Amino acid sequence: MILNSLKKFKFVASIFDKMLDRVKQLIGEVASFKTTNTEEVESFRIKYLGSKGILKELFSEFKNVDPASRKEFGQALNNLKKAAEEKVEALNRVLENAIEEKGIYGDLTRPSEPIELGSRHPISLVKNQIIEVFNRIGFTVSEGPEIEDDWHNFTALNLPEYHPARDMQDTFFIEQDPDILLRTHTSSVQVRYMENNEPPIRTISPGRVFRNEDISARAHCIFHQVEGLYIDTDVSFADLKQTLLYFTKEMFGKSKIRLRPSYFPFTEPSAEVDIYWGLETETDYRITKGTGWLEIMGCGMVDPNVLKNANIDPNKYSGYAFGMGIERIAMLLYQIPDIRMFYENDKRFLEQFKSVI
Ligand code: DAH
């Protein structure tokens, strides 16, 4: 009997020692545990302090411990519990601080965001290209106002009041003052430039123009033009033709043009410029209506009346002028089927011009 109880005591004592050793070892493990990962902190917490955790298990052993050793065991367990709780708290504090810092500075080690580069609008691209081509042969750029007066848009350009050709361009007038209008073409800049500059004049004037027209795939009430003006002594129609030929070669890589007689009040003689586009593809057939020819601009020798109106002596000077729609040129260059695409700001359309400088 005594032997039995001794044995039992010994047995219990050795279990107790082992358990105490384990608790001490666990306290060591808790102390050396390190992580900066939220999930690892949580699994650490569950492992030690969870409802099926190590501490729960050890506390359930409490009843098996010899009453004399319970105090020591209890203290050891409390130490372990405290160490685990403090560890979790400390690790969480570090994590929270890190998140707070990130909030201010972001993660300074992460790769930077790719910089989204925009692209130029096709109208700007083509406008710049036209400017560049004419710059190379000595033309400077000039601009004028979009809100114009009757004189610069019509009268000085040989279109007096009631002239039937005014109907060619459906005009937006400012209701309160019929003298003020939205310019219907960039030819108005010609007049302004001549009024303010002495010949020789070589200038191109890109800009926005307005016409009271129904919007369709081919026409818009707001669009862009480039006007060209060359005034000097002895300027001839041959000079005009050479300049146009140079332009079509540079712009389209096409070297065949034809000048069809036409009428504009501000030029005499006047012509419509066609380029030979070719008939190689189905698209060529469609856009040239099977002829191979495409109309790209109007031109002519500046009417002596226009020179006079702008205080330039028509007996001393002569010159040529031309005007083209930028949208039309852009549509031809990039095979854009509908003029409305320029103004919709659809990124899928605009992004296609990213690679063009
Ligand atoms: N202003 C004309 C238009 O808007 C285009 C034009 C034709 C301009 C002949 C010119 C020119 O300078 O000579 O339709």
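Above this text is the structure in question.
These numbers come from a predicted model, not from an experiment. (Residues numbered from 1 in each chain as written. Predicted model: local features only at pLDDT ≥ 70, side-chain atom pairs only at ≥ 80, totals over all residues. Heavy atoms only, no water.)

Peer 1: Whenever I open this one, the side chain of D232 confuses me. Can you help?
Peer 2: Along the polypeptide, D232 turns up in strand β6 (residues 222–232). For D232, the contacting residues outside a window of four places in its chain are P200, R202, Y317 and S318. (Helix = DSSP H or I, 4+ residues; strand = E, 2+ residues; numbered from the N terminus. Contact = heavy atoms within 4.5 Å.)

Peer 1: Sorry, what's going on with helix α2 (residues 38–49) here?
Peer 2: An α-helical turn contains 3.6 residues, so any two residues separated by three or four positions project in the same direction. Its 12 residues give α2 an end-to-end C-alpha distance of 16 Å, which sits within 8% of 16 Å, the value for a rise of 1.5 Å per residue. Turning to α2, its buried residues number three or more, namely V41, F44 and Y48. The buried residues of α2 occupy an angular sector of 60° when the element is viewed end-on, so they sit on one face. Turned more than 90 degrees off the buried face of α2, the exposed positions are T38 and E39. The opening residue of α2, the one whose side-chain oxygen lies 2.8 Å from the backbone nitrogen of E39, is N37. (Expected span 1.5 Å × (residues − 1). Buried < 20%, exposed > 50% of the residue type's maximum accessible area, 1.4 Å probe, protein only. Arc of directions from axis to C-beta. Polar contact = N/O pair within 3.5 Å; in protein donor to acceptor, adjacent residues only side chain to side chain.)

Peer 1: Sorry, what's going on with the environment of N135 here?
Peer 2: Its place among the elements puts N135 in helix α5 (residues 122–135). N135 sits 69 residues away from I204 along the chain, and the two C-alpha atoms are 8.8 Å apart.

Peer 1: It is not clear to me how the packing of aromatic side chains should be interpreted in this structure. Could you clarify?
Peer 2: The geometry of two aromatic rings is summed up by the distance between their centres and the angle between their planes. All chains considered together, the criterion is met by 16 aromatic pairs. On the basis of an interplanar angle of 15° and a centroid distance of 4.3 Å, the ring pair of F33 and F44 is categorised as stacked. Highlighted residues: F33 in the loop between α1 (2–32) and α2 and F44 in helix α2, separated in sequence by 11 residues. Their ring planes at 70° and their centres at 5.1 Å tell us that Y276 and W293 sit as a pair that is edge-to-face. Placement of the pair is Y276 in strand β8 (residues 267–276) and W293 in strand β9 (residues 293–302), with a sequence separation of 17 residues. According to the relative accessible area criterion, Y276 is partly exposed, its value standing at 27%. We classify W293 as buried; its relative accessible area is 18%. Connected via pairs of aromatic rings, a cluster forms that spans F134, F139, Y230, F247, F252, W277, Y320 and F322. Here the basic side chain of K254 rests over the ring of W277, its NZ or CZ set 4.6 Å away from the ring centre. Across from the ring centre of Y276, 4.4 Å away, lies the NZ or CZ of K256, which sits over that ring. (Phe/Tyr/Trp six-rings, centres within 6.5 Å; stacked < 30°, edge-to-face > 60°. Lys NZ or Arg CZ within 6 Å of the ring centre and 35° of its normal.)

Note that every value here comes from positions in space, so none of it alone points to a role or purpose.
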